[in-house]
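# Commentary on secondary and tertiary structure
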Amino acid sequence: MAARHRSVVADGRRIHLVEQGEGPLVLLVHGFPECWYSWRHQLPALAAAGYRAVAVDVRGYGRSSGPVAPDAYRMTELVADNAEVVRSLGEESAVVVGHDWGAAVAANSALLRPEVFRAVGLLSVPYTPRGGPRPSDVFAGMSGGDEEFYVSYFQERGRAEAEIEPDVRGWLAGFYGALSGDTMPGPGAPDPHFVGKGGTLRERFPAGRLPGWLGERDLDVYAGEFERTGLTGALNRYRNMDRDWEDLAAYDGAPITQPSLFVGGGLDASTTWLADAIEAYPVTLPGLVSAHILDGCGHWIQQERPDEVNRLLVDWLAALPSA
């Protein structure tokens, strides 16, 4: 069965998705700065294994609605979108799998709506329960001297847009390359997760070579989407982290108990910086079925290592209790 594009209505807003296969529903949620296309290798593999694979454009991305209000991108809204997509597809439950920000959305979908999401797969970004100081204070504390952490940089409305939008294609190529296992800056090079004083993120991106997973046509797809929509909707996710911290106060330290999977890249800062979160999985993810670190892999894990990720996903899905 070929993949097909369609849109569903979630709380009055349009969510674009790409669907392939028949069987138990697996909802795939992308991260920043991507779209449904980041799951292009997983859709046919999951369909061939007997699943109904559905990759969404998260609100603010691609062909989904992009609300103007910044607070429309808070975590509770994105969780509600996921649950509404499942309902709109005529299903009562689904497995949810996310990458990058999509991993956080998937984790919170399982946490807040356990009656809908019966299992959760996390790629690249570990589950970290709500807790600790206000996020903006944490990220401000990671900045030091003449360097500013990229999350703080993204949180200021309009600032990152001014860097990215004059040359979306070039910026995306550099950002993807900076976090890919085969093109990321080597030891001793300026860290691309930080902005120099008065500078830009782009100044620290590798130049002249695309990562092996990213062809010119792939880059055209991503660039075309963001050239059309702009970056504000995508960046608004970063601008709601303090709101999320407030909204989810009742879930401070809460574990996710459904069957879960984690796959990270050995060279990904999300894996190394959040190593303590991975070590805490016996407490925070008591339903964890398996966790895997792919040696030599960067951040874009399902695109850098599609065959390995597909195998891990299919094996995990096959071991889950029947829907």
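Since we're looking at a predicted model, the values are computed, not measured. (Residues numbered from 1 in each chain as written. Predicted model: local features only at pLDDT ≥ 70, side-chain atom pairs only at ≥ 80, totals over all residues. Heavy atoms only, no water.)

### Observations concerning the nonpolar core
As a rule of thumb, nonpolar side chains are buried together in soluble globular proteins. Note the threshold: Definition used in this section: a nonpolar core is a set of buried Ala, Val, Leu, Ile, Met, Phe, Trp, Tyr and Cys residues joined via side-chain atoms within 4.5 Å. We call a residue buried when its accessible area falls under 20% of the maximum for its residue type, exposed when it is over 50%, and partly exposed in between, using a 1.4 Å probe and counting protein chains only. Secondary structure counts use DSSP, requiring at least four H or I residues in a row for a helix and at least two E residues in a row for a strand, with both numbered from the N terminus.
Counting residues in hydrophobic clusters, the biggest one holds 100 residues, and the most contacted among them are F32 and F154. Here the element with the most residues in this core is helix α3 (residues 101-112); it accounts for eight residues.

### Describing the pairing of strand β9 (residues 260-265)
Here is the rule we go by: If DSSP finds at least two bridges between two strands, the strands pair.
Burial within β9 is extensive, with six of its six residues counted as buried. Side-chain alternation along β9 places S260, F262 and G264 on one buried face and L261, V263 and G265 on a second face that is also buried. Relative to strand β10 (residues 288-294), β9 runs parallel, the two being bridged by six bridges. Among the inter-strand pairings, S260 is bridged to a residue of β10, identified as L288.

### Quick word on the packing of helix α7 (residues 168-178) against helix α8 (residues 216-229)
Definition in use: To obtain each axis, a line is fitted to C-alpha atoms, and for helices this fit is confined to the stretch in contact; angles are then taken between N-to-C directions over 0 to 180 degrees. An angle below 35 degrees is read as roughly parallel, one above 145 as roughly antiparallel, one from 65 to 115 as roughly perpendicular, and any other as oblique. Working rule for handedness: look at the near helix, and if it is turned counterclockwise from the far one by less than a right angle, call the crossing left-handed; if clockwise, right-handed. In what follows, a contact means two residues having at least one pair of non-hydrogen atoms within 4.5 Å.
Interaxial distance between α7 and α8 falls to 9 Å at its minimum, and their mutual angle equals 125°. Classified by the angle their axes make, α7 and α8 are oblique. The chirality of how α7 crosses α8 is right-handed. Here α7 contributes V168, R169, L172, A173 and Y176 to the contact with α8, which in turn contributes E216, L219, D220, Y222, A223, F226 and E227.

### Observations regarding the pattern of salt bridges
We apply this condition: A side-chain nitrogen of Lys or Arg and a carboxyl oxygen of Asp or Glu constitute a salt bridge if their distance falls within 4 Å.
Summed over all chains, the structure comprises 23 salt bridges. Between R6 and E19 there is a salt bridge, and its shortest N-O distance comes to 3.3 Å. With R6 in strand β1 (residues 4-10) and E19 in strand β2 (residues 13-20), this residue pair connects regions lying 13 residues apart in the sequence. As a salt-bridge pair, E19 and R52 come within 2.5 Å of each other at their nearest N and O atoms. Note that E19 is positioned in strand β2 and R52 in strand β4 (residues 52-56), a separation of 33 residues in sequence. Of the two residues, E19 and R52, both sit in the buried class. One network of salt bridges, with partners in common, ties together R4, R6, E19, R52 and E91.

### Some words on the environment of D146
Here D146 is to be found in the loop between α4 (135-142) and β7 (147-149). Taking C-alpha positions, D146 is 22 Å from W171, a pair spaced 25 residues apart along the chain. The contact partners of D146, leaving out residues within four places of it in the chain, are V195, G196 and K197.

### Some points on helix α15 (residues 306-319)
Residues spaced three or four apart along an α-helix face the same direction, because each turn holds 3.6 residues. Worth spelling out the cut-off: What a helix is expected to span follows from its residue count: subtract one and scale by 1.5 Å. The directions considered for the arc are those from the helix axis to the C-beta atoms.
Here α15 is 14 residues long and its end C-alpha atoms lie 20 Å apart, about the 20 Å a rise of 1.5 Å per residue gives. Taken residue by residue, α15 has P306, V309, N310, L312, L313, W316 and L317 as its buried positions. All buried residues of α15 fall inside an arc of 165° around its axis, so they share one side. Exposed and oriented more than 90 degrees from the buried face of α15 are D307, A318 and A319.

### Structural notes on the UniProt feature "domain: AB hydrolase-1" (unreviewed entry) in the protein chain
To keep things clear, this is the line we draw: UniProt positions are given in the numbering used here, feature names are shortened, and annotations may be inferred rather than shown by experiment.
Mapped onto this numbering, the UniProt entry annotates "domain: AB hydrolase-1" (unreviewed entry) at residues 24-125. Along residues 24-125 one finds 32% helix and 23% strand; the C-alpha atoms at either end are 25 Å apart.

### A word on unusual backbone geometry
Here the residue pair F32 and P33 is connected by a cis peptide bond, since its omega of -15° sits within 30 degrees of zero. Residue position: P33 is located in the loop between β3 (25-29) and α1 (42-48). Positive phi, normally seen in glycine, also occurs at D11, with a value near 55°. Tracing the sequence through the fold places D11 in the loop between β1 and β2. Using a relative accessible area of 59% as the deciding quantity, one classes D11 as exposed. Within the chain, D100 stands out as a residue other than glycine whose phi angle is a positive 60°.

### Some words on the environment of A277
One can find A277 in helix α12 (residues 275-279). Among the residues examined, A277 registers a relative accessible area of 13% and is labelled buried. The spatial distance from the C-alpha of A277 to the C-alpha of P129 is 8.8 Å, given a sequence separation of 148 residues. Other than its neighbours up to four places away in sequence, A277 contacts P126, Y127, T128 and T284.

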